[in-house]
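Given next are the chains, with one letter for each unit.
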Amino acid sequence: MTDTPATPATASTTASPVRVRFCPSPTGTPHVGLIRTALFNWAHARHTGGTMVFRVEDTDTQRDSEESYQQLLEALAWLGIDWDEGVETGGPHAPYRQSQRLDVYRDVATRLREHGAVYEAYSTPEEVEARHRAAGRDPKLGYDNFDRDLTGEQVAAFRAEGREPVLRLRMPDEDIVVHDMIRGEIVFRAGSIPDYVVVRANGQPLYTLTNPVDDALMEITHVLRGEDLLSSTPRQIALFRVLVELGFAKYVPEYGHLPYVMGEGNKKLSKRDPESSLFHLKDSGFVPEGLLNYLALLGWSLSADEDVFTVQQLVEHFDVRDVLANPARFDLKKATAINGTHVRRLAPQDFRDRLVPYLQAGGVLGETLDERQQEILDRAAPLVQERMNLLGEAPELLSFLFAAEDEIEVADDARKELKDSAGDVLRAALAALEPLVDWSAAALETALREAIVDGLGIKPRLAFGPVRTAVSGRRISPPLFESLEILGKDSSLTRLRALAAQLG
C-alpha cells in the first residue's frame, strides 16, 4: 500500500460546486431528526446554488421496507423538500438505491484489496477478547489489528479450518483531523481507532464502505449529518484518502455534524416519542411552513429575536457554519405556537381549502361537499383562522355548524359551566330572536344584548354562555353571533329550544 497523502484534496481546496446528499435508510416512519437533516442539506444546497442528491441506503434487507421508502417520498413532497438528483428523479450517478449498486461496491473492494488498503481478517471476537485479556488490556477495547500482517502459512491454516475472512480497512498510523463546519477542529489520535470491517465474510458490503464510496462517486462536497455519526467520520476520511489515490474520488468532502434533537427530560428524542413522528405532527394539523420553520430552529436561527420566518428567508440566510453545536430541544408548545403564526399568515382561500382534509378525517365532512357545506365552510373559515394553532382543531371548532340539530350533544365541561340562570337566559334569548327578521350578526348581537345583558342584568362575559352551549354543544366556539347567522334562524332556534327544555 502506498503512503497516503498528508494533505489530501478537499472540497474547499478544489472550490467544487456544492453537492450535498440526503441518504436515509427506509426503516420505520420519518421522524423529525431525520427530516431536520434533510432540511439543512436542502437549505445549504439552495442557499449556495448547489445540488441536492437524494439516495436511499437500503441494503439491510431485514429492516428496510418499501412502505418506509414511500413514506419518505410522501414526507418530503408534503414539506416541499425537493432534490436535483436521486431516486424517482435520476441523474448522472444512477442508480441511487444502494441495493442496485452492489456491483459497484464489489469493484471498489477488489481495487482496495489490490492496493493493500484492506486486508483479510480471520480473528473471531472471542480470540480478540482472549488476546486482550492475556495482555492485561480491557477486553472491550475492540479489534486489535492482529490480522494486519498474517503470513501465508497463517492464512492457509485459517482457510483450512474453513474460516471466511472479513475485509478490514488499514487505518493510517497518524492523527486524523476533522475540520468540522459546526464544531471546529476535532483530532482523532493515531491508534485510537482500530482497523474496521468494510465487507462481511459473506461478501456483503457494510455501511462503512457503501456510504463513503457513494459520496465519492457522486462527488459529494459537504456531508451534513447527525452528531451520532461523528465517531465514524475519521474512518470515512481514512477511506476517502485511499479513494482519492485510486481515482474514485476527486477530494475528501467537508463534514458538519448537526446537534442532537432532545425530547422531554433532556433525553435524545426517540423514534418512539409521539412528537418525533412527522406524520403524527401532520395529522395533528401542522402546516409545512410552520413545521419547517420550527425544525430549522433546532440548531439554527435567523436572528436572536426572530423565531418566525418563511422558507424563502431560511434559504436566503442559511449558513451551515451558523448552526450551533449544542443539543436542541424539541418543544412541542413552541412548535405549535410557531405553527399558529403560519396558519394565520395563510391566504384566506388557502386556509379554507386546507381545513377540508381535517374535517373529512374527523368525520365532519364526507368525500365530497354539497353546496350548503361549501357555503358554511366559506363563511366559517374566516371566523377561526385567527383562533387556531393547528388545522387539526377544525373538527372540534366547526363540527356543530355542519351537524343536524338532533346531533348536538352538550360536552361535560360546557354543561358544568351552566349557571342556575341558564334556563332564564335561553328563554330570554328565544323571546328576543323568534320575532327577529334581520338574521345578521349585528342584529343578533343587538337583540341578545338587550334581552340578556340589559333585560336580565347578567354581565356581558357571562351572558351568552348558555346560548353558545345550546347552539354548539361546546364551552368555546367560533364567534357566537356570526355562528348563529351561518346556522340560520330555524336551526338556531331549534337548538336553543332543545337545551331550554332540558334545563326546565
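Residues numbered from 1 in each chain as written. Predicted model: local features only at pLDDT ≥ 70, side-chain atom pairs only at ≥ 80, totals over all residues. Heavy atoms only, no water.

Caption draft 1: Focus on the pattern of salt bridges. A complete count under the given rule lists 41 salt bridges for this structure. Its salt-bridge partner being Arg-55, residue Asp-215 comes within 2.8 Å of it at the nearest N-O pair. With Asp-215 in helix 6 (residues 207-217) and Arg-55 in the loop between strand 2 (51-54) and helix 2 (66-79), this pair connects stretches of sequence that are 160 residues apart. Arg-55 shares its class with Asp-215; the two are buried. Among the salt bridges present, the one from Asp-424 reaches Arg-427, with a minimum N-O distance of 2.9 Å. Linking Asp-424 with Arg-427, this pair stays in helix 16 (residues 422-433), spanning three residues, or about one helical turn. Beyond isolated ion pairs, a larger network of salt bridges with shared partners links Arg-21, Arg-55, Glu-57, Arg-101, Asp-214 and Asp-215. (Salt bridge = Lys/Arg side-chain N within 4 Å of Asp/Glu carboxyl O. Helix = DSSP H or I, 4+ residues; strand = E, 2+ residues; numbered from the N terminus. Buried < 20%, exposed > 50% of the residue type's maximum accessible area, 1.4 Å probe, protein only.)

Caption draft 2: A look at a negative patch on the surface. A cluster of like negative charges, contributed by Glu-405, Asp-406, Glu-407 and Asp-490, occupies part of the molecular surface. Residue position: Glu-405 is located in the loop between helix 14 (394-402) and helix 15 (412-417). Looking at Glu-405, the relative accessible area reads 33%, which means it is partly exposed. (Patch = residues over 30% accessible without salt bridge, like charges linked within 9 Å, V, L, I, M, F, W, Y side chains within 5 Å. Areas by Shrake-Rupley, 256 points an atom, 1.4 Å probe, with all protein chains shown as cover. Lys, Arg positive; Asp, Glu negative; His and termini not counted. Charge placed at Lys NZ, Arg CZ, Asp CG, Glu CD.)

Caption draft 3: Quick look at unusual backbone geometry. Put simply, Ala-94 and Pro-95 share a cis peptide bond, and its omega is 0°. Checked against the element boundaries, Pro-95 lands in the loop between strand 3 (85-86) and helix 3 (102-115). A positive phi is found at Asn-145, a non-glycine position, where the angle reads about 65°. Secondary-structure assignment places Asn-145 in the loop between helix 4 (125-134) and helix 5 (152-160). Phi is positive for Glu-219, close to 55°, though the residue is something other than glycine. The exposure class of Glu-219 is partly exposed, given its relative accessible area of 25%.

Caption draft 4: Region of interest: the sheet that holds strand 4 (residues 118-121). Pairing is antiparallel in the open sheet, where three strands are placed in the order 4-5-8. The open sheet is flanked by strand 4 and strand 8 (196-199), the only strands paired with a single partner. Between one strand and the next, the sheet's axes are offset by a mean angle of 50°, whatever the strand orientation. Alignment of strand 5 (residues 166-169) against strand 8, held across three bridges, turns out to be antiparallel. Within the sheet, the bridge partner assigned to Leu-169 lies in strand 8 and is Tyr-196. Here helix 3 sits on the sheet and contacts strand 4, strand 5 and strand 8; the angle it forms with strand 4, its principal contact strand, is near 90°. (Pairing = 2+ DSSP bridges. Axes fitted to C-alpha atoms, helices over the stretch in contact; angles between N-to-C directions. Contact = heavy atoms within 4.5 Å.)

Caption draft 5: Summary view of the nonpolar core. One finds Ile-81, Leu-112 and Phe-330 to be the most contacted residues of the largest nonpolar core, which totals 92 residues. Element by element, the count of residues in this core is highest for helix 1 (residues 32-48), at nine residues. With sequence-adjacent residues up to four places away left out, Phe-330 is seen in contact with Val-32, Val-261, Met-262, Leu-269, Glu-275, Leu-281, Tyr-294, Leu-295, Leu-298 and Ala-335. With 62 residues, the next largest nonpolar core counts Phe-351, Met-388, Trp-439 and Leu-493 among its residues. (Core = buried A, V, L, I, M, F, W, Y, C linked by side-chain atoms within 4.5 Å.)

Caption draft 6: A look at the side chain of Arg-148. Inspection of the secondary structure puts Arg-148 in the loop between helix 4 and helix 5. Under the relative-accessibility criterion, Arg-148 is labelled buried at 17%. Here the side chain of Arg-148 touches Asp-195 through a polar contact of 2.7 Å, side chain to side chain. Filtering out sequence-adjacent residues up to four positions away, Arg-148 remains in contact with Tyr-119, Tyr-143, Arg-170, Met-171, Asp-173 and Asp-195. (Polar contact = N/O pair within 3.5 Å; in protein donor to acceptor, adjacent residues only side chain to side chain.)

Caption draft 7: A look at the pairing of strand 7 (residues 184-188). The pairing of strand 6 (residues 176-180) with strand 7 spans five bridges and is antiparallel. The residue bridging Val-177 from the neighbouring strand is Val-187, located in strand 7. The hairpin turn running from strand 6 into strand 7, its antiparallel successor, is three residues long.

Caption draft 8: Expanded view of the packing of aromatic side chains. A complete count under the given rule lists eight aromatic pairs for this structure. Each ring, one from Tyr-122 and one from Phe-158, has its centre 5.2 Å from the other, and the planes form 15°; the classification is stacked. Here Tyr-122 is found in the loop between strand 4 and helix 4, whereas its partner Phe-158 is found in helix 5, with 36 residues between them in sequence. Consider the rings of Tyr-294 and Phe-330, whose centres lie 5.2 Å apart with planes at 90°: the pair is edge-to-face. Taken together, the positions of Tyr-294 in helix 9 (residues 288-296) and Phe-330 in the loop between strand 12 (328-329) and helix 11 (332-345) put the pair 36 residues apart, joining distant regions of the chain. On the basis of relative accessibility, which here comes to 3%, the residue Tyr-294 falls in the buried class. Aromatic rings pair up to connect Phe-40, Trp-300, Phe-309 and Phe-318 into one cluster. Geometry around Tyr-69 places Arg-97 over its ring, the cationic atom sitting 4.2 Å from the centre. A cation over a ring is seen here: Arg-168 above Tyr-143, with NZ or CZ 3.6 Å from the ring centre. (Phe/Tyr/Trp six-rings, centres within 6.5 Å; stacked < 30°, edge-to-face > 60°. Lys NZ or Arg CZ within 6 Å of the ring centre and 35° of its normal.)

Caption draft 9: View of the environment of Ser-232. Secondary-structure assignment places Ser-232 in the loop between strand 9 (222-226) and helix 7 (233-246). The class for Ser-232 is buried, based on a relative accessible area of 15%. Once the C-alpha coordinates of Ser-232 and Ser-421 are considered, the two residues, 189 residues apart in sequence, prove to be 71 Å apart.

Caption draft 10: Structural view of the confidence of the model for the protein. Looking at the protein as a whole, its pLDDT mean stands at 94, while 98% of the residues score no less than 70. Every residue in residues 1-5 scores below 50 in pLDDT, and together they form 11 contacts with partners more than four places removed in sequence or on other chains. (pLDDT = per-residue confidence, 0-100.)

Caption draft 11: Seen up close, helix 12 (residues 348-361). Between the first and last C-alpha of helix 12 there are 21 Å, a value that for 14 residues agrees with the 20 Å anticipated at 1.5 Å per step. Buried within helix 12 we find Phe-351, Arg-352, Arg-354, Leu-355, Val-356, Tyr-358 and Leu-359. Tucked inside the fold, the buried residues of helix 12 contact helix 8 (278-284), helix 9, helix 11, helix 13 (371-384) and helix 14. Looking one or two residues past helix 12, Gly-363 carries a phi angle of roughly 75°, positive in sign. (Expected span 1.5 Å × (residues − 1).)

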